[in-house]
Amino acid sequence: MKEQSLAEKLRQYGAGFTCPMHMPGHKRNSPFPWMEPLAKMDITEIDGFDNLHEADGVLKEGMERMARLWGSRRSFFLVNGSTCGILAGICSLTNPGDKILMARNCHRSVYHAVELNRLRPVYLMPEADDATGILGSIRPEAVRAALEENPDIELAVLTSPTYEGVISDIASIVQVLHERGIPLLVDEAHGAHLGFSEAFSGGAVQAGADLVVQSLHKTLPSLTQTAAIHVGSILVDEDALRRQLAIFETSSPSYLLMASIDSCVRLLEEKGPELFRQYEERLKRFSEQVSCLKHLRVLGYGKDSIENHPAFWSLDKSKLVLLTEGTGLTGPAFARHLRESFRIELEMAQSNYGLAMTSICDSDQNLEQLAEALWILDGRVFPCEKKSACSTPPLLPEQAAYAWEVRNQEVWETDIEEAEGRVLAEYIWAYPPGIPLAVPGERVSGQMLSSWRKMEEAGVCLKSSTGGMAEGTILLLG
Ligand SMILES: Cc1ncc(COP(=O)(O)O)c(C=O)c1O
């Protein structure tokens, strides 16, 4: 007989009459009516419910089920998002001061791990797609060249798929790295759904990556903050990883969050193939529906195909990148039209595109509503000359110091217009997606300033660690 799901166990316990002389303080008797059904199932590590950090019961079984489903050596539930998995993963695979190879378009959590472990990053800047300016895949040849120049690299980290769905050839990259015994950590925060059907191939665990971090909450039916880390090879010391997870992950993991991971894994195990078949059909219909668009385009859909974008090794079909280039609309303006006229909220917008996320949980109606809105807007926009697509600086800034060397140094808050030639003391990023455009210790160039200006003019929200960017100031070394 199949074991009871964690959600069912919690529901039964909540419906029982055990007197709760333990945490949480709401005592399953919340003063807030909206919280009542949640509070009934919200417990702490009491008898029979296992302990995430020393799992040997129901949570261990759940994590083993997850490992079987993904085909990993071991998998861990995470309740602090991929952020926690990335910090713990990088710290478990490096020693302070190590050199790491990392894609420049990594999420800021990777940069934070670099700071925490005082790592020396060697950046790989993906080439930008000519047609859209979107950053492309990391190429195995680029990894090989970087290793030849830096034989002392201890770890490689990259993001696949990216926010926009750009997938790298993980199997070939793993091969290059493993020739030298170097592990690969893949930030697959946006790709937990990969590997469940042929149309969604390109998953990093199956491709042989050593450590893979996924945000279940981003692309699968699981509550916000839920994530997983999968161990793929013996290059990962599982005890070291456990130690780091104990540092970075809360000691009071939410049972609601863990139950949602458990239910998500069970759903995929039982109904995954059917759900993904229906999902593929929905996306196929969407592709047919948008093939008549004249001005707006959808990356890899309708009349567009990956052959038009040699910078991309593969694309994740779940992301609908709605390209506004040549329509006179910026991405943020386009997103505003969708919100105000069609009640459609996008995931994010950049200078020349908006990003719509899809999942197995979309209804047919969701995608039809989006396709219909695109036809209507397509009829309203005025075609105009294409501007240069590049939305992210393709050149690596000059690195004057490592980010962690800048900490505790004297800094000055300065007008951004006076920053050229000086060394940054804080991160600058576009949010979302939270990828640093510039890192503490990097020298501000005129090209950087003008590309930030262009992004802001297009309505993209730029942020700095200390928040001064909103007032036109920036933190620089003294
Ligand atoms: C590429 C990438 N990695 C990691 C993260 C962090 O994921 P989480 O929000 O689950 O901590 C994000 C979040 O947006 C992301 O875009």
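Residues numbered from 1 in each chain as written. Predicted model: local features only at pLDDT ≥ 70, side-chain atom pairs only at ≥ 80, totals over all residues.

1. A look at the overall build of the protein chain
Along the protein chain, the regular secondary structure elements total 14 helices and 18 strands. What you see for the protein chain is a C-alpha radius of gyration of 23 Å, in line with the 23 Å of a compact globule of 478 residues. Its C-alpha atoms give the protein chain principal-axis dimensions of about 65 × 55 × 50 Å. The buried share among the 478 residues of the protein chain stands at 46%. Across the protein chain, contacts joining residues at least 24 apart in sequence account for 70% of those joining residues at least 6 apart. (Helix = DSSP H or I, 4+ residues; strand = E, 2+ residues; numbered from the N terminus. Rg over C-alpha atoms; globule rule 2.2 N^0.38 Å. Buried ≥ 20, exposed ≤ 12 C-beta atoms within 10 Å, placed from the backbone. Contact = placed C-beta atoms within 7 Å.)

2. Some thoughts on the site of the ligand
Taken together, 14 residues surround the ligand, and among them Gly 81, Ser 82, Thr 83, His 107 and Ala 189 come closest. In terms of residue count, helix H4 (residues 81-93) provides more of the shell around the ligand than any other element does, 3 residues in total. Among the residues forming the shell around the ligand, the class breakdown is 4 nonpolar, 9 polar and 1 charged. (Near = placed C-beta within 6 Å. Nonpolar A, V, L, I, M, F, W, Y, C, P; charged D, E, K, R; others polar.)

3. Some details on the packing of H4 against helix H5 (residues 108-116)
Packed helices, taken two at a time, are described by the angle their axes make and the gap between the axes. Between H4 and H5, whose axes approach to 9 Å, the crossing angle comes to 35°. As H4 runs across H5, the sense of the crossing is right-handed. Judged by residue contacts, Thr 83, Ile 86, Leu 87, Ile 90 and Cys 91 of H4 engage Ser 109, Val 110, His 112, Ala 113 and Leu 116 from H5. (Axes fitted to C-alpha atoms, helices over the stretch in contact; angles between N-to-C directions. Left-handed = near helix turned anticlockwise from the far one by under 90°.)

4. Thoughts on the domain arrangement of the protein chain
Taken domain by domain, the protein chain comprises domain 1 (6-267), domain 2 (272-380) and domain 3 (403-477). A C-alpha centroid distance of 31 Å is found between domain 2 and domain 3. With 7 residues of domain 2 at the contact, the number on the domain 3 side is 6 residues. Breaking the side of domain 2 that touches domain 3 down by element, the ones donating at least two residues are helix H11 (331-342) and strand E12 (348-350). Take the side of domain 2 that touches domain 3: its biggest share by element is 3 residues, from H11. Of the residues in the side of domain 2 that touches domain 3, the class split is 3 nonpolar, 4 polar and no charged. (Domains from an automatic or database assignment.)

5. Digging into the environment of Leu 245
Topologically, Leu 245 is positioned in helix H9 (residues 238-248). A tally of 22 C-beta atoms within 10 Å means that Leu 245 is categorised as buried. As for Leu 245 and Leu 320, which are separated by 75 residues in sequence, their C-alpha atoms are 34 Å apart. Excluding anything up to four places from it in sequence, Leu 245 contacts Phe 76 and Ala 88.

6. A short note on the sheet that holds E12
Taking strand neighbours across the sheet as the criterion, the 4 strands line up as E9-E11-E13-E12 in an open arrangement whose pairing is antiparallel. Both outer strands of the open sheet, strand E9 (297-298) and E12, are each paired with one neighbouring strand and no more. Examined bridge by bridge, E9 and strand E11 (residues 319-323) share 2 bridges and lie antiparallel to one another. Note on E11: the bridge partner recorded for Arg 297 is Leu 323. Where H11 meets the sheet, it contacts E11, E12 and strand E13 (353-357), and its direction lies at approximately 145° from that of E12. (Pairing = 2+ DSSP bridges.)

7. A short note on the pairing of strand E6 (residues 184-187)
Of the two faces of E6, both are covered, the one formed by Leu 184 and Val 186 as well as the one formed by Leu 185 and Asp 187. The sheet contact formed by strand E4 (residues 153-159) and E6 spans 4 bridges and is parallel. Note on E6: the bridge partner recorded for Val 157 is Leu 185. Of the pairings in the sheet, the one linking E6 to strand E7 (residues 211-214) comprises 3 bridges and is parallel in character. Each residue of the ladder has a partner; that of Val 186, found in E7, is Val 212.

8. Examining the sheet that holds strand E16 (residues 435-438)
On the basis of which strands lie adjacent, the open sheet formed by 3 strands has the order E16-E15-E17 and antiparallel pairing. Strands at the two margins of the open sheet, each flanked by one partner only, are E16 and strand E17 (462-464). Here the average twist between neighbouring strands, direction ignored, is 40°. Examined bridge by bridge, strand E15 (residues 428-430) and E16 share 3 bridges and lie antiparallel to one another. Each bridged residue has a counterpart across the sheet, and for Trp 429 the counterpart in E16 is Pro 436.

9. Section: the nonpolar core
Note on soluble globular proteins: their nonpolar side chains tend to be buried together. Membership of the largest hydrophobic core comes to 101 residues, with the highest contact counts inside it found for Phe 77, Ile 90, Val 110, Ala 156, Val 157, Ala 209 and Met 258. Residue-level mapping places this core at the junction of two domains, with at least three residues from each of domain 1 (6-267) and domain 3 (403-477). If sequence neighbours within four positions are ignored, Val 110 has contacts with Ile 86, Ile 90, Met 102, Val 157 and Asp 187. Core analysis: the next-biggest nonpolar cluster, separate from the first, contains 34 residues, Val 166, Ile 167, Phe 312 and Leu 323 among them. (Core = buried A, V, L, I, M, F, W, Y, C linked by C-beta atoms within 7 Å.)

10. Thoughts on H5
For H5, the full list of buried residues reads Ser 109, Val 110, Tyr 111, Ala 113 and Val 114. In the stretch just after H5, Arg 118 is the one whose phi turns positive, near 50°.

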